[in-house]
Amino acid sequence: MNTNPKAKRILCFGDSNTWGAQVDSLDKFPVNVRWTGVLQNLLGQDYEIIEEGLRARTTNIDDPTSPNKNGLTYFRPCVQTHRSVDLCILWLGTNDLKKRFNRSAKDIAEALRELIQTITGSSMKETKILLVSSPVVLETSTAIEWDFVGAHEKSLSLGKEIEKIAQEEKVFFVDLAREGITPDPEEGVHLSAEIHTKVAEIFNQKIKEIFS
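Residues numbered from 1 in each chain as written. Predicted model: local features only at pLDDT ≥ 70, side-chain atom pairs only at ≥ 80, totals over all residues. Heavy atoms only, no water.

### Focus: the sheet that holds strand E4 (residues 128–133)
Just so we agree on the cut-off: Note on pairing: DSSP must find at least two bridges between two strands before they are called paired. A run of H or I in DSSP counts as a helix once it spans at least four residues, and a run of E counts as a strand once it spans at least two, with each numbered from the N terminus. Comment: axis = line fitted to C-alpha atoms, over the contacting stretch for helices; angle = value between 0 and 180 degrees taken between N-to-C directions. Note on contacts: a residue pair is in contact if any heavy atoms of the two residues lie within 4.5 Å.
Ordered in space as E2-E1-E3-E4-E5, the five strands form an open sheet in which the pairing is parallel. Only two strands of the sheet have a single neighbouring strand rather than two, namely strand E2 (47–53) and strand E5 (172–175). Within the sheet, the average angular offset between the axes of one strand and its neighbour, ignoring direction, is 20°. Where strand E1 (residues 8–14) and strand E3 (residues 87–91) come together, five bridges link them in parallel fashion. Paired with Gly14 across the strands is Trp91, a residue of E3. Where helix H3 (residues 71–82) meets the sheet, it contacts E1, E2 and E3, and its direction lies at approximately 165° from that of E1. Where helix H4 (residues 105–120) meets the sheet, its contacts fall on E1, E3 and E4, and the angle it forms with E4 comes to roughly 170°.

### As for the pairing of E1
To keep things clear, this is the line we draw: Note on exposure labels: buried denotes an accessible area under 20% of the residue type's maximum, exposed denotes more than 50%, and partly exposed covers the range between, all computed with a 1.4 Å probe on protein chains only.
Burial analysis of E1 places six of its seven residues in the buried class, the great majority of the element. Here E1 runs beside E2; their pairing, made up of seven bridges, is parallel. Bridge pairing in E2 links Cys12 to Glu51.

On their own, these measurements won't tell you what the molecule is for.
Have a look at this one:
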């Protein structure tokens with residue numbers, strides 16, 4: 001626990017890649033491997049990382065196959081819980097690519113606007129927001145088993161659509177696909193331990209820019 005009373009607080013709100021899902025099991029990586037934990041070590045005691053990740057979390061839609069995965073529904077009380085946050089990293093959208101939701105890249109980006117406005121329309125108006133676009137999904141046999149049929153093509157244009165929202169809402173933006181971040185090539189969705197470190201390094205640099 002960070003004991004520095006002046007530390008900048010960063011809320012990391014996302015899905016299984018924020019939760020830290022391992023590629024080859026249902027377990028999560030230990031804290032020193034997850035990008036949130038690596039980021040905390042890179043930033044040091046001047047920052048406090050608050051991890052809010054959940055497997056299969058969507059942006060703002062209920063999943064009929066898995067309850068309590070609607071990101072917006074949980075985000076509203078989550079924002080009230082943490083309140084005095086200096087930066088919120090919003091990294092969602094991958095699960096919305098599943099075939100059963102029938103969403104376009106534009107639909108997903110517009111859904112993220114609702115989460116942004118949950119902050120900008122609240123008492124946390126001074127909170128900075130970093131909107132994140134996910135790596136491109138690979139349609140491996142595992143990804144297809146998880147209902148990511150057709151997700152690859154849609155995920156190719158997701159970054160541009162999310163960037164438009166970031167510009168319109170005047171928030172910070174990172175496209176992890178453009179930064180060279182890719183999921184495990186055999187599994188197709190989740191990140192390896194090595195990639196978690198690279199993601200943390202990208203966020204570390206961006207956060208330093210934001211607060212410079």
